[in-house]
2 protein chains.
Amino acid sequence: MSNALLGRLRADLGADAVVTDPDVMASYARDQMPLAPAGRPLAVVLPDDVEGVRAAVRACAEATVPIVPRGAGSGLSGAANAVDGCVVLVMTKLDRIVEIDPADRLAVVQPGVVNQALRDAVAKHGLFYPPDPSSYDWCTVGGNLATNAGGLCCVKYGVTADFVLGLEVVLADGSVLRTGRRTVKGVAGYDLTRLFVGSEGTLGVITEATLALRPLPQAPATLVAAFPSAVSAGTAVSRIVRDGLVPSLMEVMDATTIRAVQDYLHTDLGTGSDSGTLLLCQSDTGGAQAIAELEAVERICADAGAEMTYQTGDPAEGDLLMKARRVAHSALESTGSCMTDDVCVPRTRIADLITGCERIADDTGLTVAVVGHAGDGNMHPTVVYDATADGEFDRARRAFDAILDLGLSLGGTITGEHGVGKFKQDWLAREIGPVGLDVHRRLKRALDPDNLFNPGSMFSM
Amino acid sequence: MSNALLGRLRADLGADAVVTDPDVMASYARDQMPLAPAGRPLAVVLPDDVEGVRAAVRACAEATVPIVPRGAGSGLSGAANAVDGCVVLVMTKLDRIVEIDPADRLAVVQPGVVNQALRDAVAKHGLFYPPDPSSYDWCTVGGNLATNAGGLCCVKYGVTADFVLGLEVVLADGSVLRTGRRTVKGVAGYDLTRLFVGSEGTLGVITEATLALRPLPQAPATLVAAFPSAVSAGTAVSRIVRDGLVPSLMEVMDATTIRAVQDYLHTDLGTGSDSGTLLLCQSDTGGAQAIAELEAVERICADAGAEMTYQTGDPAEGDLLMKARRVAHSALESTGSCMTDDVCVPRTRIADLITGCERIADDTGLTVAVVGHAGDGNMHPTVVYDATADGEFDRARRAFDAILDLGLSLGGTITGEHGVGKFKQDWLAREIGPVGLDVHRRLKRALDPDNLFNPGSMFSM
């Protein structure tokens, strides 16, 4: 049976498009979430056009062999991890930028286009594609769509979904669905575009996307503010939001992260006290407006108790200041193994999340460092542990779960931007409840009755 | 059977909540789209809480009597029109603003809250709920959600869907689904919120919504520009969009509309030529920034060939200038019966739409006047005809359809903000094609297997 399928795939897509070498397959069997399970694929298939995708979908559907679609594999939820006996459908060869329309400010792209390649291509037309997950230099737009990826841009520009005008999707029966439109407004029918964005490859395979673009922003001005405590930093964030100030970036680092970064860079970040919290803001509105924007933020920070604020309009200096945030994950990884969480809380509860994480660190005797997108409440508390020490992995996992629990108790969600995948299924069930889960299953059954696409991911049928 | 249902509804919801008087029922049987068919309901039911909604849904489901949910009835697609023998479920008594949270900038409201009542209530906290359909002083938030209503605000702030964080929905089996969250970001599961927003009452009954708010904007500064032709006005709009300028309002009126308004107001709008086109812009950023914003728009208008531009920072004077746009529909209605279209085209095709409508007017010998939201390409060409003249209704209907056809041929959609309802089902099928229609039917069947909610609206099963 599986031999017949491999033969058909080779006949339909070409022999080069079908990989069964175990070592190569292993390299396609996982994304970047080490805690999620991954199975052994039957084959890895790399189509290079929509007809290839259709042929693979039809062949797998007839053979009842599951399909796990994936892009570059930069995901952080195991959504792209293989299941035993599946076909991993790798979309990286559909990597064409089909069209850039500067007048209507949109681009039409295939899913295998790397996020940065799209950014670079549209920048030549003075345009900007904002979604910027931290893997932007190697993740693909298709993966960004499947996970509704976020990034640093979200505080001002929103998430991937906010830039999707329309999609082309291959459905489980091999038919091709076109959703959305090229206009900025439209209410003809259900919002199918939004149903597929963030569905983590469980409903169909995205083969093309029409994306909205914006004018290229100005080089950023940067502000750093050091607070004596998470509470005072949290107060500043709440006031900045409440006053309607919209920096193009607003990141927070807690005392534990600051210590790790200082050790890693052999430098003093100037936070003054041991319980210091750093807030990093940028404005990309340019010139006097950027300065005015950051001065307003600076005033709020000072009012909220900041012990130090520093502002610069020089992009190179701003880049240096941002380095502390950029190396945060590497700094933490240099001290042990890491489990990075992805809770999102109402922006008024950021301080509660940070102090709650300190409690969890005390309770488990582990390091828990919080960095995150303060502007939208999307926090990445990271549990640092010694993978070689007996029982420490289990304790880390308990801390990780306690953070999810804390996020929910603060009115938040279990995932702000990484997704559910093959790791947080139980937590999804808890967040959305039995009616929500039942609706998910009904929608999945409606579009993929034989559970062909990414079975067991996000939720079980 | 129907007597048994009425008895059960009265027992469960109270006798006052169940109306069967034919005259009263007739007043609830239609929205504001005269061309859509409307049936005779079995009863009109007015629950005042979610338990009442659940009881009505369960009773109707068991009796296999269809439910047509509605708010104030300000819709323009017949989506809220009764079908024969249905229960019209009127949501206006669920009219409580449950919560306003200024710190996290959100409100929790029941669907019967009038749009303006919400705007007024949040304004007391210095906050702003942007969606502003032209019926804002009497339409309800529930109807806005069901139709994903737009308005003048969309060019800067987006549509209703962009402000919905979460929903409570009663499903066809009477269960209560909660979608979304209170955080600004989140990817836990499918985007069920967006599936219900704009579904025109075909998938469930919205009983509560969590809505994002923004800080209250400044009083607007206003700019009027008169162009010698639709083409020069269209060029200006394209450049304004391309340069990334975002006025808080950008409306266009063609020569036919201008003539009607001049006659109606007995005034000269100063457009100079017979083929003149007016562009009206506002900025709500306040002070120097608003002036700078409108000056940039003004320069583009002058470059594109505007014969007259006039700017004012005085809100009262701005209001006077806006009067021409506000009375446009009344001015046209004073000259005959009106069919108002709702196509949305890419913003670069606005001039093509206006000149195409002139052609359609010539071909049919009728008046076609174009006003619309230039900032997002959502145009409202209005066919004016003599309802008493033999055959003129049919000719008007042909002109109306020709405009939809034109909109599609320009890469647009058949409805930018009014919806499909019981009037544009055939056009929806044409726009989304057989695969799109099949997906709509599958989703409808998944959530409403017995076709309980608003059957025959949007599409037939």
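Residues numbered from 1 in each chain as written. Chains lettered and ligands numbered in written order. Predicted model: local features only at pLDDT ≥ 70, side-chain atom pairs only at ≥ 80, totals over all residues. Heavy atoms only, no water.

(A) The arrangement of the interface of chain A and chain B in detail. Facing 73 residues of chain A, the contacting portion of chain B comprises 73 residues. The junction of chain A with chain B conceals about 5,700 Å² of combined surface from both sides, 62% of it contributed by carbon and sulfur atoms. Looking only at chain A, the three residues that lose the most surface to chain B are Lys-185, Val-187 and Tyr-190 of chain A, adding up to 17% of its buried area. Across the chain A-chain B interface, the total number found is ten salt bridges. Between Glu-417 of chain B and Lys-185 of chain A there is a salt bridge; the shortest N-O distance is 2.7 Å. (Contact = heavy atoms within 4.5 Å. Buried area = accessible area lost by both parts, 1.4 Å probe. Salt bridge = Lys/Arg side-chain N within 4 Å of Asp/Glu carboxyl O.)

(B) Structural context of the domain arrangement of chain A. Residue and element names in this part refer to chain A. Segmentation of chain A into domains returns domain 1 (2-90), domain 2 (97-215), domain 3 (217-327) and domain 4 (336-447). Taking the mean C-alpha position of each, domain 2 and domain 3 sit 30 Å from one another. Contact with domain 2, which involves seven residues of that partner, is made by ten residues of domain 3. The three residues of domain 2 that bury the most area against domain 3 are Leu-152, Val-155 and Lys-156, which together make up 75% of that side's buried surface. (Domains from an automatic or database assignment.)

(C) Quick look at the packing of helix 1 (residues 2-13) of chain B against helix 3 (residues 50-63) of chain B. All names here are of chain B. Contact pair helix 1 / helix 3: the axes reach a minimum separation of 10 Å and the direction vectors enclose 165°. By the angle class used here, helix 1 and helix 3 are roughly antiparallel. Pair helix 1 / helix 3 crosses with right-handed handedness. In contact with Leu-5, Arg-8, Leu-9, Asp-12 and Leu-13 of helix 1, helix 3 contributes Gly-52, Ala-55, Ala-56, Arg-58, Ala-59, Cys-60, Glu-62 and Ala-63. A per-class count over the contact of helix 1 with helix 3 returns eight nonpolar, one polar and four charged. (Axes fitted to C-alpha atoms, helices over the stretch in contact; angles between N-to-C directions. Helix = DSSP H or I, 4+ residues; strand = E, 2+ residues; numbered from the N terminus. Parallel < 35°, antiparallel > 145°, perpendicular 65-115°, else oblique. Left-handed = near helix turned anticlockwise from the far one by under 90°. Nonpolar A, V, L, I, M, F, W, Y, C, P; charged D, E, K, R; others polar.)

(D) The sheet that holds strand 6 (residues 106-109) of chain A, seen in detail. Residue and element names in this part refer to chain A. Taken in spatial order, the five strands line up as 5-6-10-8-9 in an open sheet, and their pairing is antiparallel. The sheet is open, and its two edges are formed by strand 5 (97-101) and strand 9 (176-180), each paired on a single side. Adjacent strand axes in the sheet meet at a mean angle of 10° when their direction is disregarded. Packed onto the sheet, helix 4 (residues 115-123) meets strand 5, strand 6 and strand 10 (205-212) and runs at close to 35° relative to strand 5. (Pairing = 2+ DSSP bridges.)

(E) Here's a closer look at the state of the cysteines. This model, assessed by the stated rule, comprises zero disulfides over all chains. Free cysteine: Cys-281 of chain A, not disulfide-bonded; nearest cysteine sulfur from Cys-301 of chain A at 5.8 Å. The class of Cys-281 of chain A is buried, set by a relative accessible area of 1%. We note that Cys-86 of chain B lacks a disulfide partner, and the nearest cysteine sulfur, in Cys-60 of chain B, lies 8.8 Å from it. (Disulfide = S-S within 2.5 Å. Buried < 20%, exposed > 50% of the residue type's maximum accessible area, 1.4 Å probe, protein only.)

(F) Quick peek at helix 9 (residues 255-265) of chain B. Residue and element names in this part refer to chain B. Among all positions in helix 9, only Ala-255, Thr-256, Thr-257, Ile-258, Ala-260, Val-261 and Gln-262 are buried. Looking at the buried positions of helix 9, the neighbouring elements they touch are strand 13 (249-253), strand 14 (277-283), helix 11 (315-326), helix 12 (328-333) and strand 18 (367-373). The first or second residue beyond helix 9 is His-266, which carries a positive phi of 50°.

(G) Looking closely at the pattern of salt bridges. Here the structure, examined in full by the defined rule, presents 46 salt bridges over all chains. Measuring nitrogen to oxygen at the nearest pair gives 3.7 Å for the salt bridge that ties Arg-194 of chain A to Asp-191 of chain B. In this pair, Arg-194 of chain A sits in helix 7 (residues 192-196) while Asp-191 of chain B sits in the loop between strand 9 (176-180) and helix 7 (192-196), so the two residues belong to two different chains. A relative accessible area of 12% means that Arg-194 of chain A is categorised as buried. On the basis of relative accessibility, which here comes to 22%, the residue Asp-191 of chain B falls in the partly exposed class. In this structure, Arg-349 of chain B and Asp-352 of chain B form a salt bridge, with 2.7 Å as the shortest nitrogen-oxygen distance. Using a relative accessible area of 31% as the deciding quantity, one classes Arg-349 of chain B as partly exposed. Of the residues examined, Asp-352 of chain B reaches a relative accessible area of 32% and is grouped as partly exposed. The structure contains a network of salt bridges with shared partners spanning Arg-8, Asp-12 and Glu-62 of chain A.

(H) The arrangement of the environment of Ser-74 of chain B in detail. Residue and element names in this part refer to chain B. Within the fold, Ser-74 resides in the loop between strand 3 (67-70) and strand 4 (87-90). Residues Ser-74 and Cys-139, spaced 65 residues apart in sequence, show a C-alpha to C-alpha distance of 5.7 Å. Non-local contacts of Ser-74, meaning those with residues more than four positions away in its chain, are made with Gln-32, Ser-135, Trp-138 and Cys-139. Only 3.5 Å separates the side chain of Ser-74 from the side chain of Ser-135, close enough to count as a polar contact. (Polar contact = N/O pair within 3.5 Å; in protein donor to acceptor, adjacent residues only side chain to side chain.)

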